[in-house]
Amino acid sequence: MRSAKDFFTPLAVGAPAPVREVPARPSRMIHFFDPSNEKMAAKIPAMVGTVDVLLGNLEDAVKADNKEAARLGLVAIAKATDFGDATQLWTRVNSLDSPWVLDDFTTLVTEIGDKLDVIMVPKVQGPEDIHYVDRLLAQLEARAGLTRPILVHAILETARGVANVEAIAGASPRMQGISLGPADLAADRRMKTTRVGGGHPGYLVREDPGIEGINGPRGTFQQDLWHYTIARMVDACAMHGIFPFYGPFGDIKDVVACEDQFRNAFLLGCVGAWSLHPAQIAIAKKVFSPSAADVAHARRVKAAMGDGTGAVMLDGKMEDDASLKQCLVILALAEQLSASDPELASLYAEAPAGPDGASAGVSA
Ligand SMILES: CC(C)(COP(=O)(O)OP(=O)(O)OC[C@H]1O[C@@H](n2cnc3c(N)ncnc32)[C@H](O)[C@@H]1OP(=O)(O)O)[C@@H](O)C(=O)NCCC(=O)NCCSC(=O)C[C@H](O)C(=O)O
Ligand SMILES: [Mg+2]
């Protein structure tokens, strides 16, 4: 582990200086596409400006025979496309133990390193994986003459990764964020689910028996399989000043449950989720943008709190320094999103304040 003194020293002669603060750019949806799929790839240029992040996926969901085509397809798309300021370009490389990953890193950094904002690394087990990627990227960046460091995003999809999540989050100044990878994580933990994210009807608690005893009618309440992991990931990310994300929701047709899963993640502190299909883009945009009512309420609390100390009553509720801080989180996010989204900017400008605010994300 590097000492605090040399944490920000470049890891190769000639590599760009590491960032001191991870840029907070809108990342409500990380939109996955397979660059070896011609139909999908053809749609990518038109999606620039409509999504926060476009991610050329090289790992799972890309057939083994298409790995090279996907890598070269991503190079071609990146070279031919101007991503502007509103859309970031990310990639997910193959896992560090795969036969493809070294070529992924060398080709992508050399050919399109100046266009790539973030490299997502799957199945990260511990800080040693990030240290390896950190050094390799510095060497490749130096050789390519890059002036801006490429950031790194880890996917939490092994039990060991979850056990090491705090160390992973703080392993390098390149760390941009962490996503939950529920499908691989479920397999690694030997959970008995077969889905890509989302809940399970069997994971529930049952109401205590009523007057008719244990065989009488009793309600059940489905529980969230991912609460523990997301909460732990959020804390690790907040502690290190990086960003947490929910990952994939595989039931593309179930837009309602997708929205619920995304909203749980938003309320717990995540800044975005993956979209696997165009239908999930609008869901992520809606959920990960604060609602107009929440923004209006946050403004009212801010105004009522004056210098930010003490306690006041607003609509029958106590507001103080700590509720103000939560409101400031909402306002900072609204301001950041408004800067690149004129529709949201005007929605927030006109937002009427309800008597008691409204639940986050519901009516944006
Ligand atoms: C899920 C899909 C396989 C569905 O594809 P398809 O059957 O083609 O869907 P549609 O017919 O509804 O598609 C309509 C049109 O939209 C285009 N399309 C589909 N998906 C995308 C996309 N992601 N980006 C851009 N365009 C897209 C189709 O080509 C159709 O076009 P047209 O015929 O001209 O109208 C497919 O969506 C898909 O493969 N999505 C990505 C899947 C993926 O990336 N999976 C990996 C991430 S999840 C994961 O890895 C698990 C995680 O790591 C963990 O461990 O938890
Ligand atoms: Mg996975």
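Reading the values: the criteria
- Residues numbered from 1 in each chain as written.
- Chains lettered and ligands numbered in written order.
- Predicted model: local features only at pLDDT ≥ 70, side-chain atom pairs only at ≥ 80, totals over all residues.
- Heavy atoms only, no water.
- Helix = DSSP H or I, 4+ residues; strand = E, 2+ residues; numbered from the N terminus.
- Rg over C-alpha atoms; globule rule 2.2 N^0.38 Å.
- Buried < 20%, exposed > 50% of the residue type's maximum accessible area, 1.4 Å probe, protein only.
- Contact = heavy atoms within 4.5 Å.
- Areas by Shrake-Rupley, 256 points an atom, 1.4 Å probe, with all protein chains shown as cover.
- Lys, Arg positive; Asp, Glu negative; His and termini not counted.
- Charge placed at Lys NZ, Arg CZ, Asp CG, Glu CD.
- Domains from an automatic or database assignment.
- Buried area = accessible area lost by both parts, 1.4 Å probe.
- Salt bridge = Lys/Arg side-chain N within 4 Å of Asp/Glu carboxyl O.

## Focus: the overall build of the protein
Then, number 1: Each helix and strand counted, the protein has 13 helices and 12 strands in total.
Then, number 2: The C-alpha radius of gyration of the protein comes to 22 Å, within 12% of the 21 Å expected for a compact globule of 364 residues.
Then, number 3: Expressed as lengths along the three principal axes of its C-alpha atoms, the size of the protein is roughly 65 × 55 × 45 Å.
Then, number 4: The 364 residues of the protein split such that 47% are buried.
Then, number 5: Counting only contacts in the protein whose residues sit at least 6 apart along the sequence, the fraction spanning at least 24 positions is 73%.
Then, number 6: Summing over all exposed atoms, the protein offers an accessible surface of approximately 17300 Å²; the carbon and sulfur share of this is 56%.
Then, number 7: Here the protein carries 35 positive and 45 negative side-chain charges, and the mean point of each set is 3 Å from the other.

## A word on the domain arrangement of the protein
Then, number 1: Each domain of the protein was delimited in the assignment, giving domain 1 (4-287) and domain 2 (292-363).
Then, number 2: One C-alpha centre belongs to domain 1, the other to domain 2; they are set 29 Å apart.
Then, number 3: A buried area of about 760 Å², summed over both sides, lies between domain 1 and domain 2, and 60% of it is on carbon and sulfur atoms.
Then, number 4: Among the residues domain 1 hides against domain 2, the three largest losses belong to Pro26, Arg28 and Phe266. Together they make up 49% of the total.
Then, number 5: Where Arg28 meets Asp341, a salt bridge forms, and the shortest distance between an N and an O atom there is 3.8 Å.

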